[in-house]
Amino acid sequence: MYDLVIQNGLLIDGTGVSRRQADVAIKNGRIAGIGRFDKSEAKRVIDAEGMVVAPGIIDMHTHYDPQLTFDPYATSSCFHGVTSVVTGNCGFAMAPCRAADRQFMGSIFTRVEEIGANTIAAIDWEFESFPQYIAAREGNLGINAAFLIGHSNIRRWVMGEAGSERDATDDEITAMRALVKEAMEAGAAGLSSSHSPTDLDMEDRPVPSRFSSHKELVALSEEVGRANRGVIGYLPFSAIGGLTPEDGDLMIEMALKSRRPVIMQGLGARSKIEAPTATWPKSEEYLEKCRVQGAAVYSLLISRPFNRPFSLLGFTSMYEGVPAFHRLFKTKDIAERMAMLRDPAYRDEIRHAVENPNTDPNKGSNTPPPNFSMVQVNKAKLPENAALIGRRISDIAAERNMAPMDVMADIALSENLETEFLQNTETDEWRDGTYLASKHPQMIIGTSDGGAHLGRDDNAEFTSYFFAKWVREWGKWSLEDAVRELTMMPAKMLGFNDRGLIAEGYAADIMIFDPATIGPDRKYKVNDLPGGDTRWTSRPKGVKATIVNGVPIVMDGELVGDGALPGHVLRPGLALQ
């Protein structure tokens, strides 16, 4: 008897070859057969008639590290067909971390990734070393997870407070290498690091990895290479503003000396919110330089536009690159905020500042603020404001012959700052540029940032968005190619040798979906985090099932399985079993 048979589906196996009608039989968490099977041969049957049966999606860039300690299913990603996530990106993770440093490392998740401080404080941090950390996750996962070791964690462990102050000595670099070796032997997915000027701690200092020299980063990359498995995730100093020759050469050196894939973010763009071909000709030249030298350098591509609700009543980090305006969110007193916005001197200051944000990474965060042509009124209470819902701030400002900053402030003030605005970056330029970049073989379709930015966006829906928009609506990708890009390609790059394909002997990580209807559906706030923090969550339409190691964890949009925890810790380079 098989444990599960999926009948009557259109099989898209992840290789990119054309779909075919086939049943899939599963036993002991693995694919036991592909062909024709009778209901009587299985303990459980799922009828997938009219549906696509594909490998589960592998999300290469998430921050589910904290969430997986209390939510083993990595919601919302699992609802959108994701069966495996990679955590520990951007240079910080849950481990290694001594008990005395938990508050500091946790605060980085709060500052950089907007994971509530109450949530971080409620985590049962039952580990210190990296081997202890992933051992604690084994048997406690509903979804598969791989874990990168964070460079900021490594510096804090070896150098203490000095890790946020200076370069490392040779002896300290040797000690850091030993931590990387220990992590790789325990099954780490690789190393992550960041020199990005957007990554700051709660004291507005650069996170520890940003104090590292290139010599230190290359040495740690070499140590990953000695394990002959894993990847190196890296955010260079010029991640926003266009890749500099110095940063480009650094990544080539990291790739050549480690002989492992080096994966950055944002290549080709002047900023994360612009079309990714803003600096594309130079980026293509750089990628060709990498290819000719045999340096495995890749870039993740944000394939879903930002769709971020915010208000002036709550908190948003979207204006960190505008220090004058970001001061507004430093106070929790709403009356004080309203007084600031009514002060002519402050209004003059922010009117200019938002139009001229910081572009010098040496002066602090250079995250570009939302362009007013991409900000619209999303929710309003007053009748005169309700008529503005769905309209761009720039258009309203042109009609009123006012500065856009004044328009947004006046609308918010009229409703005691309760008006909800929405940053939506989907434009024709964004679409054309993203498509051009997406077709390059060194660009990787992504990125969810799942588990992060809980107060403004849930990009976990990038997968269902990709099928709805890029495949069905815009016709830019075939369904077979789209499935391959989200399954087999990341599996092979990460070294998950038994994932990413529907083939006999492979792990039974599967998503079942309706290609005619799949797409983002509901997005709403929930209060389900420990400590009382709220977050955005999302649900798709058209996804029938998410199956992890042969066990359905999501059926028709809801978690199922009576608490079953079929997920595994994924260790790269393991042979098929």
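Preceding block: the structure.
Residues numbered from 1 in each chain as written. Predicted model: local features only at pLDDT ≥ 70, side-chain atom pairs only at ≥ 80, totals over all residues. Heavy atoms only, no water.

Caption draft 1: Layout of the sheet that holds strand 15 (residues 420-424). Taken in spatial order, the three strands line up as 13-15-14 in an open sheet, and their pairing is antiparallel. Here the strands that pair on one side only, and so sit at the sheet edges, are strand 13 (307-310) and strand 14 (375-379). Adjacent strand axes in the sheet meet at a mean angle of 30° when their direction is disregarded. Running over the sheet, helix 14 (residues 404-414) touches strand 13, strand 14 and strand 15 and is turned about 145° from strand 15. (Pairing = 2+ DSSP bridges. Helix = DSSP H or I, 4+ residues; strand = E, 2+ residues; numbered from the N terminus. Axes fitted to C-alpha atoms, helices over the stretch in contact; angles between N-to-C directions. Contact = heavy atoms within 4.5 Å.)

Caption draft 2: Highlighting the environment of Val-471. Tracing the backbone through its elements, the reader meets Val-471 in helix 16 (residues 462-473). A residue is classified by how much of its surface remains accessible, and Val-471, at 14% relative accessible area, is buried. Distance in space between the C-alpha atoms of Val-471 and Ala-482 is 7.3 Å, their sequence separation being 11 residues. Setting aside anything within four residues of it in sequence, one finds Val-471 in contact with Phe-466, Trp-477, Ser-478, Leu-479 and Ala-482. (Buried < 20%, exposed > 50% of the residue type's maximum accessible area, 1.4 Å probe, protein only.)

Caption draft 3: Broad picture of the packing of helix 10 (residues 334-342) against helix 11 (residues 344-355). Axis separation between helix 10 and helix 11 bottoms out at 5 Å; the angle between their running directions is 75°. Relative to helix 11, the element helix 10 is oriented roughly perpendicular. Here Met-340, Leu-341 and Arg-342 of helix 10 come into contact with helix 11, specifically with Pro-344, Tyr-346, Arg-347 and Ile-350. Here the contact of helix 10 with helix 11 is built from residues that sort into five nonpolar, no polar and two charged. (Parallel < 35°, antiparallel > 145°, perpendicular 65-115°, else oblique. Nonpolar A, V, L, I, M, F, W, Y, C, P; charged D, E, K, R; others polar.)

Caption draft 4: Here's a closer look at the side chain of Ser-238. In this fold, Ser-238 is placed in the loop between strand 10 (231-235) and helix 7 (245-258). Accessibility expressed as a relative area gives 6% for Ser-238, which makes it buried. The residues contacting Ser-238, other than those within four sequence positions of it, are Leu-243, Thr-244 and Asp-247.

Caption draft 5: Structural context of the side chain of His-326. Mapped onto the secondary structure, His-326 falls in helix 9 (residues 323-326). For His-326, a relative accessible area of 7% corresponds to the buried category.

Caption draft 6: Spatial organisation of helix 10. Residues Arg-337, Met-338, Met-340 and Leu-341 constitute the buried set of helix 10. Projected onto a plane normal to the axis of helix 10, the buried residues spread over an arc of 155° and lie on a single side. In helix 10, the exposed positions that point more than 90 degrees away from the buried face belong to Ala-335 and Arg-342. (Arc of directions from axis to C-beta.)

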